[in-house]
Amino acid sequence: MPKVSYCSVFVDDQDRALQFYRDLLGFELKHDVPLGEHRWLTLTAPGDPEGTQLLLEPAEHPAVKPFRAALVEDGIPATAFGVDDVTAEVERLAGRGVTVVMPPTPTGPVTMAVVDDSCGNLIQLFS
Amino acid sequence: MGDVYRALADPTRRALLDALTATDGQTLFALCAALLERGLSPTRQAVSQHLTVLEEAGLVRVRREGRYKFHDLDTRPLREIARRWPVPEE
């Protein structure tokens, strides 16, 4: 039976990505293994260390840059995270300097918002 | 300048103008979500093409802010309609 072990986002800078995903969003560090000039850097949701790992992958491949630029231009998120209260969460993040690209917006059964992770991606938050 | 009448003739384009009236300055992604909320579900590519028609008619302006592209409403081209067929006061 397969399960979702990893979900990856391409990041410009792994240090800055760790700051955003761990220190601002609240994910917890799972693995930080040196691999040449980069690291195998994964995080898990708080309180769920055996859950799906978010892999912060260096955005080095030449195809990544134009691909991400086109998505960001149109406001399309790289991935999505569920939170308890998206309005409160976006307000908290904005207070800590995170750029909000789409404010919390009701869309059918969920309310969603889009924020900039500051390392090349837009991230959707929803509740 | 494209044809403002042709731009207004399509219900999806009118819904896009409604969505921008409610919230100005939206990305393509946000506008697709706004259409879903209004019970429409055109493809992202179709929405993009509709926005181009609205932009050509001068009803939507595209604003680039850093790496993002936002769409703003500009209803000034609609004045031509009231000038051509003045609406009497009640």
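Residues numbered from 1 in each chain as written. Chains lettered and ligands numbered in written order. Predicted model: local features only at pLDDT ≥ 70, side-chain atom pairs only at ≥ 80, totals over all residues. Heavy atoms only, no water.

Looking at this structure, I do not really get the nonpolar core. What am I missing?
One broad rule of soluble globular proteins: the nonpolar side chains tend to lie buried together. All names here are of chain A. Counting 23 residues, the largest nonpolar core has Y21, L25, L56, F81 and L125 as its most contacted members. When residues of this core are traced back to their parent elements, those giving at least two are β1 (6-11), α1 (14-24), β3 (38-44), β4 (53-58), α3 (86-95), β7 (110-116) and β8 (122-126). With five residues, α1 is the largest single contributor of residues to this core. Contacts of Y21, omitting those with residues within four sequence positions, involve V9, G26, F27, L43, L54, L56, F81, D117, C119, N121 and I123. (Core = buried A, V, L, I, M, F, W, Y, C linked by side-chain atoms within 4.5 Å. Buried < 20%, exposed > 50% of the residue type's maximum accessible area, 1.4 Å probe, protein only. Helix = DSSP H or I, 4+ residues; strand = E, 2+ residues; numbered from the N terminus. Contact = heavy atoms within 4.5 Å.)

I tried to follow the interface of chain B and chain A on my own but got confused; where do I start?
A common way to express how large an interface is: the accessible area buried when the components associate. On the chain A side, the residues contacting the 13 residues of chain B number 18 residues. Summing both partners gives a buried area of about 1,300 Å² for chain B against chain A, and 59% of it is carried by carbon and sulfur. When the buried area of chain B at its contact with chain A is split by residue, B:F29, B:R67 and B:Y68 rank highest and sum to 46% of it. Run the count over chain B and chain A and you get three salt bridges. Among the ionic pairs, B:K69 bridges to A:E73, the shortest N-O distance being 3.8 Å. Taken together, chain B and chain A are joined by seven residue pairs in polar contact (both at pLDDT 80 or more). Put simply, the parts of the chain that give the side of chain B that touches chain A at least two residues each are α3 (28-37) and β2 (68-73) of chain B. For the side of chain B that touches chain A, the element with the most residues is α3(B), which contributes six residues. The class makeup of the residues in the side of chain B that touches chain A is seven nonpolar, one polar and five charged. (Buried area = accessible area lost by both parts, 1.4 Å probe. Salt bridge = Lys/Arg side-chain N within 4 Å of Asp/Glu carboxyl O. Polar contact = N/O pair within 3.5 Å; in protein donor to acceptor, adjacent residues only side chain to side chain. Nonpolar A, V, L, I, M, F, W, Y, C, P; charged D, E, K, R; others polar.)

Is there a simple way to think about the sheet that holds β8(A) in this case?
In a beta sheet, neighbouring strands pair by backbone hydrogen bonds and run either parallel or antiparallel. Residue and element names in this part refer to chain A. Taken together, the four strands give an open sheet; going across it, the order is β5-β8-β7-β6, and neighbouring strands pair in mixed fashion. If you trace the sheet from one side to the other, it starts and ends with β5 (79-82) and β6 (100-107), each paired once. Direction aside, neighbouring strands of the sheet carry axes that sit 20 degrees apart on average. The pairing of β7 with β8 spans five bridges and is classified as antiparallel. Bridged to D116 within β8 is L122. (Pairing = 2+ DSSP bridges. Axes fitted to C-alpha atoms, helices over the stretch in contact; angles between N-to-C directions.)

Whenever I open this one, unusual backbone geometry confuses me. Can you help?
A negative phi angle characterises most non-glycine residues, just as the trans form characterises most peptide bonds. All names here are of chain A. With phi around 70 degrees, S118 is a residue other than glycine that occupies positive phi space. The topology assignment puts S118 in the loop between β7 and β8. You can call S118 partly exposed: its relative accessible area is 39%.

Before we go on, may I ask you to explain the pairing of β3(A) in this structure?
The two faces of the sheet receive side chains in turn, since in a regular strand these alternate between them. All names here are of chain A. Examined bridge by bridge, strand β2 (residues 28-35) and β3 share seven bridges and lie antiparallel to one another. Looking at β3, one finds that L35 is bridged to H38. Following β2, the chain reverses through two residues before pairing antiparallel with β3; G36 in that reversal takes a positive phi of roughly 60 degrees. Here two bridges tie β3 to β4, and the two strands are oriented antiparallel to one another.

Fair warning: the whole summary comes from geometry, so function is off the table for now.
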